[in-house]
Amino acid sequence: MTFRADPHPAETVAVAEVPTPVGTFVLAVTEKGLVTSGWGSGAGLADRLGLREVHDADRTASAVAELNAYFAGELRAFRTPIDWRLMSGARLRVLQALHRVPYGTAVTYGELARLSGSGVPARGIGSIMGSNPLPIVVPCHRVIAGTGLGGFSGGTGVETKRWLLTHEGYLQPTLLDL
């Protein structure tokens, strides 16, 4: 997916790749905050964002520390500032409402539609979840279908969603997890 921010020419992004139990996770941080995250490699991410990449471990350090603390079971709420520039309108309202869904809980697509006040129907919420530029920090894994887990486009798909919800205590571990 290609993102095009409309940045001021002086804006930059620092990228960090973090090994996690669910695969390598990439964090991209601008002067304003975390602008995108996801699975895979950070190669070429700055170009896709339309920002100049800087190698600044100090800028990414807080986000990396929080991600590591989350996976260690020591963090329940991310405090890293978010740069919301990749989102607008109803999509922004939905993702900001999702950002407030607490650790260890889940909402259905329909409940998130109502919480956001965006007017987006439940079916549209699924599309927004699939294009969430800030997974884990804006916890799309906490959105489930009324009849089960629903889909997940991050990591290795629904198994990653199941792992994250089990990690947070929303789902009970299976024998495979022990």
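Before reading on, note that the structure itself is shown above.
Residues numbered from 1 in each chain as written. Predicted model: local features only at pLDDT ≥ 70, side-chain atom pairs only at ≥ 80, totals over all residues. Heavy atoms only, no water.

(A) Representation of the sheet that holds strand 2 (residues 25-30) within the structure. On the basis of which strands lie adjacent, the open sheet formed by four strands has the order 3-2-1-4 and mixed pairing. A strand with exactly one partner marks an edge of an open sheet, and here the two such strands are strand 3 (34-39) and strand 4 (52-54). Direction aside, the axes of adjacent strands within the sheet are offset by 30 degrees on average. Summarising the sheet, strand 1 (residues 12-18) and strand 4 pair through three bridges and their orientation is parallel. Residue pairing in the sheet places Thr12 in a bridge with Arg52 of strand 4. Here helix 2 (residues 57-71) sits on the sheet in contact with strand 1, strand 2 and strand 4, set at roughly 30 degrees to strand 1. (Pairing = 2+ DSSP bridges. Helix = DSSP H or I, 4+ residues; strand = E, 2+ residues; numbered from the N terminus. Axes fitted to C-alpha atoms, helices over the stretch in contact; angles between N-to-C directions. Contact = heavy atoms within 4.5 Å.)

(B) Molecular detail of helix 4 (residues 109-116). Residues Tyr109, Leu112, Ala113 and Ser116 constitute the buried set of helix 4. Across the axial projection of helix 4, the buried residues extend over an arc of 105 degrees, all falling on one side. Counted as exposed and oriented over 90 degrees from the buried face of helix 4: Arg114 and Leu115. Where helix 4 is buried, its residues touch helix 3 (89-99), strand 5 (107-108), helix 5 (122-130), strand 6 (143-144) and helix 6 (158-167). Looking one or two residues beyond helix 4, the residue adopting positive phi is Gly117, at roughly 60 degrees. (Buried < 20%, exposed > 50% of the residue type's maximum accessible area, 1.4 Å probe, protein only. Arc of directions from axis to C-beta.)

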